Structure formats: structure tokens, C-alpha cells
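Examination of the molecular architecture
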Amino acid sequence: MPNQPDLQLWLIPVFPLIGAFLNGTLGRNWSKGLIAGVAIGASALSFVWVVKTLSALGQLDTAHVERYFTWIASGDLNVGFDLAVDRLSSVMLLVVTGVGTLIHVYAVGYMDHDKGFWRFFSYLNLFLFFMLILVLAQNFLLLFVGWEGVGLCSYLLIGFYFLEKYAGDAAKKAFVVNRVGDFGFSLAMLLMVVQFGSLDMTKVFTAAKAMPVEAQSGILTAIALLLVVGACGKSAQVPLYVWLPDAMAGPTPVSALIHAATMVTAGVYVVARSSEVFLKAPLAMEVVAVIGLLTAVVAALIGTAQNDIKKVFAYSTVSQLGYMFVGLGVGAFSAGIFHVVTHAFFKALLFLGAGSVIHALHGEQDLARMGGLRSKIPITYWTLMAAALAIAGVWPFAGFHSKDAILLAAHAHAPWMFWVGVVTAGLTAFYVFRAIFLCFFGEYRGHAHPHESPAIMYMPLVILALLSVAGGYLPIMDWIAPLFPEAHEAHDMTLVLISVGFGLAGILAAYYVYVLKPGTAEASAARLGGLYRAIANKFYVDEAYDAAIVHPLEQGSRAVLLHGVEQVVVEGGLKGTVAMVRGFGGLFRHLQGGNIRSYAVYALLGAVVFLGLMVAKGGSQ
Amino acid sequence: MPQLTAVPLSWYLILSAILFALGIAGFVFRRNVITVFMSIELMLNAVNLSFVAFSHQLRQVDGQIYTFFVMVVAAAEAAVGLAIILTVFKNRQTLTIDEVSSLKN
């Protein structure tokens, strides 16, 4: 586009990259203050640059694209290193750098005693770099670079305490499960190349826009469904959600930044970004909505029976991501993205608050050994309460606005989706407040000496709490709505009241069960019997995957690859080659006996043969 | 050079071949290092002889120049070779070629 100002978009991701590089190479010998300064400085500079860029761009009615260089040129396919900002990515940029900076600040306090301080901040900055690439990318391949990069950082940070076996296992699980999704994503890209001859988003979406809506199936449906596979991996949707709860093995700020606020919303972002493709593929939209709904319900159910405070919030993340998918699937893209933003606020806050609790209790994560912390860590308590009210969808907190927008759109699409969503909202309120009540009310059941976290930790909590309270009034929906077709949603007061009512009912139920009549929970759990056991054991999904996929894969590998390919083909081939070489060597080694005179005889024989040949050939020139 | 015209080229070559064969035989069958060494000299001189003979026959001076080169190299080789033989004998008290084999294997 002509006459666009050059805004140096590339600086946005480069700041954290420099920070990651400095801390990663030199940080080992630096003081903690310097490391923290570099890391926070890098992400804050990035945030400042985002704000500066957006203020320079003003209304941003059309996307601002900056093309830097050709990355891959192969035949007709041309992939450039191009970055772009439009209204959608501007929202994501602000969330990623803004919440990211807050979490960096918090992490300085949380990780204070850790020996891997420099390593942690290097990874965290690297994550920001890849996440910003993902958001800024103007073509799918560059987006995929960011996509894989955040996956790598996620792996590194889940496995941050790599001396513990569970951390390494969780990291591997996250990585492997994400590969399944990434495979779908790569296939989607290949289909785009075949169909459109380009990976540039503008070109792909313009071409998709010109195509007719596919009633049943077609190339766009295929592309969209493959993108959904990718999004399911990254955004932890059924059936690929299993890695996210385990990912809580990483340090808590990581859970807040990567596994709640930013990376896991990448799938939602990609689907919203590709809305032109999805709008032509109603089948894929329906799949997105159903997957989202299923995820929301399943994760919410499991969340009610978890005893690790981080696990509770992890399942709640999965469940909320499901909500976002429902929003996308029913065509309310802007509502889905709005929920991404508000969720980033209150879920980051929930995790950071949980981290503050864990910090106060010297590493205790079990809800059964908490309780009565209300007066001991009041700032954490009040901020966590704000986050819990937000996620429960209580007016006027942030979660109310975005969740309601999604539920209303779901009602317009199919009423049964609304009802399932509302029940899930009630469940959500129930299990989040279960955690809050178990943690802060009643008698203290542990043995540590709780202490409030330092200011560097509770200041980000307070800021995020303010955002969780008031974030719902940010005009995000209006800002990004023009990017998507108009969603016809009527503001039906009854439906709003119903959903809030379910939320409040969930809170009250939790209050009754865990504060007024402690012990009810155990009794009702006993009465539910098998159902409760199934929920507490996460519906045996991990076990089922083990039995259905992991175990056969292992056995098959052992039988075919180890005993077959490795031992017979590879080792046999290798041994055969060795035997051949040894045999020939055995023949020729006798020639080289180390006896000079025998060498002289060979030379003589050679000369005789040579002369003989010359004579036989007749000496012709 | 009238006195040489009486001797045909083939005689020189046959003599050269005989000398060369003697050199090879000495090199291959004798065990004394000095004898082997002398055999090498013999082979070199056999070649020198054929060079000079051809040079005369073809009326070209190249062969004689090469002969000088060979003689210079042979002299240098003799100097170095005899020095090595002397040192070996000092250390090993032997001149038998098969016994000087510590680098073997």
C-alpha cells in the first residue's frame, strides 16, 4: 500500500529477542538485578513500541503491512518476511506485551530463590519474541515459525525443573501432543499452497472470499478443519487437551503467561484470523463450536475434583478456551477474541495469585493443606477474589461481558449450546470458588508460616485485578467487529440474567458445601461413587490414551522397529558390511607383510606386466 | 667418434639390462644392507648406461644431462644411506635387513 509510514514493526519482537540473547549468553555471571532489568526492560520496551506504533496508526481501518525481504522463493511460491498489524493483532499485541511485562515483574519476585534465574528470563523473553512473531506474521509460514517457537519455549519452561522426572515427562507430553496439532497445521498450509499458490494472508483470504460457501465439504472445509486440528493442539481442546494440566509442572509465572494468557490462545487467534476461510466452511465452524462446548464441559467437570490449586486453574483454562472456541464456532469472532483478552487478565491473575499463595506456603500446592489464609495474605486474597468473580461471570467484572457475548451468540446459533454453556458457567463458578474457599476460608490446615508476598509480586496482582474488574468495559468488541461479518445478537436481558444466575448459584453452592457445611463434599462424593471417581481421575483419558496409543506404539516399536528393523535390517546390514570389508582386508593384508624385498618383487612384477602389455600392444603411438 | 661406431646400440642396451637384472637380483635376494645398497647403485648405473647410449645414438644431449642428475642424486643418497646404515649398526650391531623391522606391524 502506498504512503504508509515505516513504523519499524520488526522492533517489537526484536527487543525480547535481544533480551533473551543477552540473558542466555551472559546472564549466568550477572547479578539478579541486571538479569531482571534486561528481561523486564526488553518486554517493557516492546510494549512501549506497540503503544507507539498503534498511536501512530490511529484508526487502523486497513491493515498496516511492512515487507522486509523474500524469505523463500521456490517456483511460483514466494514467502516473504512480512509483518502486519490490523485491529485483531493490535489487541493481541497489547495483551501479549502488557500482560507479559506484568508477569515478568511478578516473576522477579517469584523466582528470586531459583538458581536458574537467568535461564528462566532468557526463555521467557524468547517466548515473547516468538509469540509476537506469531501475532505479527503476515503469512502462514511465518506464523508457523512463531507457532513452533512458542511450543519450544513452552517445552523448555514446562521442563524448567528438569531434575524432577515429572517435569521432564510433562514437557515431553506437551511437545508430543502439540506435534499432532502442528501436523494438521502444516497440512493446512500445504493445501493453501496447492489451492491458492500463496501463503500470504491477504492473498489467501481474498481468494477465499471470492469462493462460494461450501454446503457440505470442499477444499476450504478441509483447510479449515486442518487448521482446527492445529488449534486444538495449541489451545488444548478435546481431544488434545491432555498436555495442558500436566504443563503446570513449570514455574507458576509460566503457567500464567504461556499456559493461560497468551500461547494457548494462539489457536483461537489463528481461527479468528482465518475467519474468511471458516465463514465459507460452515461444517468446520460447527466442528469448532462442538469441540469447544465439549471441552468446556469436560474440563469444568474435571476441575471440580482436583486438589492441586494449579490443576484446578489449569482445567479452568481448558474450559475457558472451550468457551472461546464456542464463540468462534457460532460466528461471534469478536466475542471470542474479547474473551481471550478478559481471560488473559483474570486467568493470569488467578495463576499469579495461586503462585502468591504457593510462595506464601513455601511451595505447598495442595488445597487440603491450605485454608484460613484470608487474614494472613489479604492482598492476594482480594485480588484472587476479583479474578474469581470475573471468571464466574458476575456483573460488572470482565468475564461477565465477554462470556455473555459468547453465550448470547450461542443462543442465536442454537439454544441447546446456550444451555450447555450456562450450566458450564455454573460449574466454573463452583470449582473456582471451591478453590478460593478451601484456600482462604475455614481453619488453616497446613504447617507453614504464611507471609504476604513482596511488593514486586503483589503490584502486578493489583494491576491485573483492576483490569479484571474493569476490563469488560474496554471497547474491544467494537474495535475488532468490523473485521468480521456482523453477528446478529440481540441483547436479551432474560438470557443474561439466567447466565449470571447460574454463576451466582455455583458460587453459593460452593459456599454452602465448603464453608457452611464442610464435610458435605466428602459425603456427596461418596454418594456419587463411580461418577465421582471418574471425574477425580479425569475420566481416565490419560489412561485411555496410554492404552490406545502410547502402549501399542511402544509395543509396536519394540516388535517391529527394535526387533525387526533395528536388529535385523540395520544391525544385519552393518555387520554384513563389516564382514565384507574384513574379508577383503584379510585377502589383501598378506600382500603388505612389511618385507621390503617382497615389495620390490611386486614392483618388478608390475613393471614386467606393464612392459609386456606395451610389447603386446605393439608400441603404436 | 669412429671407434664407437663399431659397437651397435643393442649391445649397450643388453649390457644395461644385464646390469639392471643383477641389481634387482641383489636387491631381492641379498640380506646384507650394504649389498642391497650397492645393488641399488648398480641399477641406477645400468639406467645411466642406457641413457648415455640413447643420447649418443639420437645425437641429443638430454640423456647425458639426466645422467648427471642421477649421479648427483645417487651420491646424495649414498651419503645419507651410509649414514643411516652406520647409525643402525651402532644401535643394533646388525646389518641384516630382516632384523631391522621395529616399525613393522
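Residues numbered from 1 in each chain as written. Chains lettered and ligands numbered in written order. Predicted model: local features only at pLDDT ≥ 70, side-chain atom pairs only at ≥ 80, totals over all residues.

**Quick look at the overall build of chain B**
Under the convention used in this document: Helix numbering and strand numbering both begin at the N terminus, where a helix is a DSSP run of H or I of at least 4 residues and a strand a DSSP run of E of at least 2. The globule rule used here is 2.2 Å times the number of residues to the 0.38 power, and the radius of gyration it is set against is calculated over C-alpha atoms. Exposed residues have 12 or fewer other C-beta atoms within 10 Å of their own C-beta, buried residues have 20 or more, and partly exposed residues fall in between, where C-beta atoms are placed from the backbone. For the purpose of contact definition, each residue receives a C-beta atom placed from its backbone, and two residues are in contact when these atoms lie within 7 Å.
Broken down by element type, chain B carries 4 helices and 0 strands. When the elements of chain B are put in sequence order from the N terminus, they spell out α-α-α-α. At 17 Å, chain B has a C-alpha radius of gyration far larger than the 13 Å of a compact globule built from 105 residues. Once the C-alpha set of chain B is aligned to its principal axes, its extents read approximately 55 × 25 × 25 Å. In chain B, which comprises 105 residues, the proportion classed as buried is 13%. Pairs at least 24 apart in sequence give 48% of the contacts found in chain B among residues at least 6 apart.

**Some words on the environment of Thr97 of chain A**
Residues and elements named next belong to chain A. Looking at where Thr97 falls in the secondary structure, it is placed in helix α3 (residues 87-110). For Thr97, a count of 28 C-beta atoms within 10 Å translates into the label buried. Placed 165 residues apart in sequence, Thr97 and Thr262 show a C-alpha to C-alpha distance of 9.6 Å. What Thr97 contacts, discounting residues up to four positions off in sequence, is Ser43, Ser46, Phe47 and Val50.

**Digging into the confidence of the model for chain B**
For any part of a model where pLDDT is low, the fine detail of the predicted coordinates should not be relied upon. What counts, and what does not: pLDDT is a residue-level measure of predictor confidence that goes from 0 to 100.
Confidence in the prediction for chain B averages 88 pLDDT; 92% of positions are at 70 or higher. For this predicted complex, the interface confidence score (ipTM) comes to 0.72, while the overall pTM stands at 0.79.

**A word on the interface of chain B and chain A**
The test is simple: In this classification, the charged set is Asp, Glu, Lys and Arg, the nonpolar set is Ala, Val, Leu, Ile, Met, Phe, Trp, Tyr, Cys and Pro, and all remaining amino acids, among them Gly, are polar.
Each side of the interface is counted separately: chain B has 7 residues, and chain A has 6 residues. For the side of chain B that touches chain A, the per-class residue count stands at 4 nonpolar, 2 polar and 1 charged.

**Things to note about the domain arrangement of chain A**
Formally: Just so you know, the domain bounds were taken from an automatic or database domain assignment.
The domains assigned to chain A are domain 1 (285-536), domain 2 (539-586) and domain 3 (591-621). Relative to domain 3 of chain A, the C-alpha centre of domain 2 of chain A lies at a distance of 51 Å.

**Structural notes on the pairing of strand β2 (residues 77-85) of chain A**
Residues and elements named next belong to chain A. Stated precisely, the cut-off is as follows: Here a strand pair is declared whenever DSSP counts at least two bridges between the two strands.
Of the pairings in the sheet, the one linking strand β1 (residues 64-74) to β2 comprises 9 bridges and is antiparallel in character. In the strand pairing of β2, Ile72 is matched with Val79. Adjacent in sequence and paired antiparallel, β1 and β2 are bridged by 2 residues, among which Gly75 carries a positive phi angle near 60°.

**Description of the packing of helix α18 (residues 415-440) of chain A against helix α21 (residues 493-516) of chain A**
Residues and elements named next belong to chain A. So the rule is basically this: Convention adopted: a line fitted to C-alpha atoms gives each axis, helices being fitted over their contacting stretch, and angles between N-to-C directions are expressed from 0 to 180 degrees. Helix crossings fall into two classes, left-handed where the near helix is turned counterclockwise from the far one by less than a right angle and right-handed where it is turned clockwise.
Between α18 and α21, the shortest axis-to-axis distance is 7 Å and the interhelical angle comes to 30°. Judged by the sense of rotation from one axis to the other, the crossing of α18 with α21 is right-handed. Taken together, the residues that form the contact of α18 with α21 break down as 20 nonpolar, 5 polar and 1 charged.

**Looking at the packing of α3 of chain A against helix α15 (residues 333-360) of chain A**
Residue and element names in this part refer to chain A. Using the following cut-off: An angle below 35 degrees is read as roughly parallel, one above 145 as roughly antiparallel, one from 65 to 115 as roughly perpendicular, and any other as oblique.
Remark: α3 packs on α15, axes separated minimally by 10 Å, with the N-to-C direction vectors making an angle of 5°. Compared by their axis directions, α3 and α15 come out roughly parallel. Residues Leu88, Val91, Val95, Val99, Ile103, Tyr106 and Tyr110 of α3 pack against Ile337, Val341, Ala344, Ala348, Leu352, Gly355 and His359 of α15.

**Focus: unusual backbone geometry**
A cis geometry characterises the amide bond from Val238 of chain A onward to Pro239 of chain A, with omega recorded as 5°. The omega torsion of the bond from Trp395 of chain A to Pro396 of chain A falls at 0°, within 30 degrees of zero and hence cis. Within the secondary structure, Pro396 of chain A sits in the loop between α16 (378-391) and α17 (398-413). Although it is not a glycine, Ala236 of chain A sits at a positive phi angle of roughly 55°. Summarising the element assignment, Ala236 of chain A is placed in the loop between α8 (219-234) and α9 (243-246). A positive phi angle, near 55°, is found at Gln93 of chain B, a position not held by glycine. Position of Gln93 of chain B relative to the elements: it lies in the segment after α4 (62-92).

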